[in-house]
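# Chain and residue survey
Each chain is listed here by its residues.
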Amino acid sequence: MDTLSYKTLSANKSTVDKQWLLVDAEGQTLGRLASKVAKILRGKYKTNFTPHVDCGDNVIVINAEKIDMTGNKWDEKEYQRYTGYPGGQRSASAKDVLAKHPERIIESSVKGMLPKNKLGADLFRNLKVYAGAEHGQEAQKPKAINLNDYK
């Protein structure tokens, strides 16, 4: 019986089509932006999504200093880091982190939404975050996208 037969396509390194996408973070809410960027990095918006393969796109986020948070998160949300020395745990509010390193806010929220394994580390390398409107990836000709078009 030779009827229709469907084959499951599994993407691999050679069949993946990676693009460079440009996202403007101005006026965006942090969590909503981070979840959509994480899905793009993972490749979940693509039809040939394969869970164990890096099939997502490279994402450039600009204007990280113009990100928005709801409620009292600017004062109450704390970011922790460790210097590597005994007693070296430091914490800073979101307002302090925004003043010194605004790109770290978006990086940490996106990193928390990626898998906690080697694949997640590889996917995180596909994210570039810049505080201002200038970025260093003009040679890749990134395509500007509107995150409001994604669910």
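See above for the structure.
Here goes a summary of the coordinates provided. (Residues numbered from 1 in each chain as written. Predicted model: local features only at pLDDT ≥ 70, side-chain atom pairs only at ≥ 80, totals over all residues. Heavy atoms only, no water.)

## Thoughts on the overall build of the protein chain
Our working definition: Numbering of helices and strands runs from the N terminus; a helix is a DSSP stretch of H or I covering at least four residues, while a strand is a stretch of E covering at least two. Only protein chains enter the accessibility calculation, which uses a 1.4 Å probe. A residue is then buried if its area is under 20% of the maximum for its type, exposed if over 50%, and partly exposed in between. Only heavy atoms matter for contacts: two residues are in contact if any of them lie within 4.5 Å across the pair. Values of accessible area rely on a 1.4 Å probe in the Shrake-Rupley scheme; residue burial ignores everything except the protein chains shown.
A count of helical and extended segments in the protein chain gives five helices and six strands. Traced from its N-terminal end to its C-terminal end, the protein chain shows the element sequence β-α-β-α-β-β-α-α-α-β-β. Dimensions of the protein chain along its principal axes, counting C-alpha atoms only, are 70 × 35 × 30 Å. Relative to its full complement of 151 residues, the protein chain shows a buried share of 35%. Relative to all contacts within the protein chain whose residues are 6 or more apart in sequence, the contacts with residues 24 or more apart total 68%. A total accessible area of about 9,900 Å² is found for the protein chain, and carbon and sulfur atoms account for 49% of it.

## Describing the layout of surface pockets
Note the cut-off: Throughout, the protein atoms alone are placed on a 1 Å grid, and a set of points is a cavity if a 1.4 Å probe fits but cannot get out or a pocket if it is open with protein on both sides within 12 Å along at least five of seven lines; lining residues have an atom within 4 Å of a point. Grid points are joined across faces, edges and corners, and a volume is the space filled by probe spheres set on the points. As a working rule, the residues Ala, Val, Leu, Ile, Met, Phe, Trp, Tyr, Cys and Pro are called nonpolar, Asp, Glu, Lys and Arg charged, and the rest polar, with Gly in that last group.
Quantified by volume, the largest pocket comes out at close to 320 Å³. Of all elements in the fold, only β3 (78–82), β4 (89–93), α3 (94–100) and α4 (103–112) reach the threshold of two or more residues within the lining of the largest pocket. No other element matches β3, which puts four residues into the lining of the largest pocket. By residue class, the composition of the lining of the largest pocket is three nonpolar, four polar and six charged.

## What to know about the nonpolar core
The criterion, for reference: Grouping buried Ala, Val, Leu, Ile, Met, Phe, Trp, Tyr and Cys residues that are joined through side-chain atoms within 4.5 Å yields what is termed a nonpolar core.
Ranked by internal contacts, the top residues of the largest apolar core, which has 29 residues, are Leu33, Val37, Val59, Val61, Ile106, Val110 and Leu127. The set of elements that each furnish at least two residues to this core consists of β1 (20–24), α1 (30–42), β2 (58–62), α3, α4, α5 (118–124) and β5 (127–129). If you tally residues by element for this core, the top one is α1, at seven residues. If we ignore the near neighbours within four places in the chain, the residues touching Val110 are Ala34, Val37, Ala38, Leu41 and Leu127.

## Details of the pairing of β1
Each regular strand carries side chains that alternate between the two faces of the sheet. Here is the rule: Two strands form a pair only when DSSP identifies at least two bridges running between them. Handedness of a crossover: with both strands directed away from the viewer, a clockwise path from the first strand across the helix to the second marks it as right-handed.
As judged from the five bridges shared by β1 and β2, these two strands associate in the parallel manner. Looking across to β2, one finds that Leu21 is bridged to Val59. You can see the chain leave β1, run along α1 and come back into β2, and the turn it takes is right-handed. Relative to strand β6 (residues 143–144), β1 is paired through two bridges, and the arrangement is parallel. In the strand pairing of β6, Leu21 is matched with Lys143.

## Quick notes on the pattern of salt bridges
Put simply, the rule reads: Here, a salt bridge means any side-chain nitrogen of Lys or Arg that lies within 4 Å of a carboxyl oxygen of Asp or Glu.
This structure, assessed with the given rule, holds four salt bridges. Taking the shortest distance from any N to any O, the salt bridge between Lys46 and Asp57 comes out at 2.8 Å. Of this pair, Lys46 sits in the loop between α1 and β2 while Asp57 sits in the loop between α1 and β2, and the two are eleven residues apart along the sequence. Of the charged contacts in the structure, one is a salt bridge between Asp122 and Arg125, with a shortest N-O distance of 2.5 Å. With a relative accessible area of 37%, Asp122 lands in the partly exposed category.

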